[in-house]
Amino acid sequence: STRSSGPPIMVGNKIWTIRRDGILFGLRKSNGKPAVQLTIGAPANPFPTPAVGDGLLLAASSDRVVAFH
């Protein structure tokens, strides 16, 4: 379990969610197991939510926005 505190989003074949300690998870849609785990830093709010725009996966931390292509 990722123990995510924010709402997930689905992009392609992964479900993306941010845990309260600043870990961004890309979960496999097929079984919910983590395929990707990235540290982004402390979340900007108690219910962090990743976003997608212009072909980028965006995740906000308390002091920056991290973009993944």
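Look up: the structure comes first, before these words.
Residues numbered from 1 in each chain as written. Predicted model: local features only at pLDDT ≥ 70, side-chain atom pairs only at ≥ 80, totals over all residues. Heavy atoms only, no water.

1. Things to note about the sheet that holds strand β4 (residues 34–39)
Working step 1: Spatially, 4 strands are ordered β1-β2-β3-β4 in an open sheet, and the strand pairing comes out antiparallel. The two strands at the open ends of the sheet, each matched to only one other strand, are β1 (9–11) and β4. This sheet shows a mean twist of 25 degrees between the axes of neighbouring strands, independent of strand direction.
Working step 2: For strand β3 (residues 23–28) and β4, the ladder comprises 5 bridges, and the chain directions are antiparallel. The partner of Leu-27 across the bridge, within β4, is Pro-34. (Pairing = 2+ DSSP bridges. Helix = DSSP H or I, 4+ residues; strand = E, 2+ residues; numbered from the N terminus. Axes fitted to C-alpha atoms, helices over the stretch in contact; angles between N-to-C directions.)

2. Notes on the nonpolar core
Working step 1: Residues Ile-9, Trp-16, Ile-18, Leu-24, Ile-40, Leu-57, Ala-59 and Val-66 constitute the largest nonpolar core, which totals 8 residues.
Working step 2: Those elements that provide at least two residues to this core are β2 (14–18) and β6 (56–60). (Core = buried A, V, L, I, M, F, W, Y, C linked by side-chain atoms within 4.5 Å. Buried < 20%, exposed > 50% of the residue type's maximum accessible area, 1.4 Å probe, protein only.)

3. Focus on the pairing of β3
Working step 1: The buried fraction of β3 amounts to 5 of the 6 residues, a majority that puts the element mostly inside the structure.
Working step 2: Relative to β3, β2 runs antiparallel, the two being bridged by 5 bridges. In the strand pairing of β3, Lys-14 is matched with Arg-28.
Working step 3: Hairpin connection from β2 to β3: 4 residues lie between these consecutive antiparallel strands, with Gly-22 at a positive phi of about 90 degrees.

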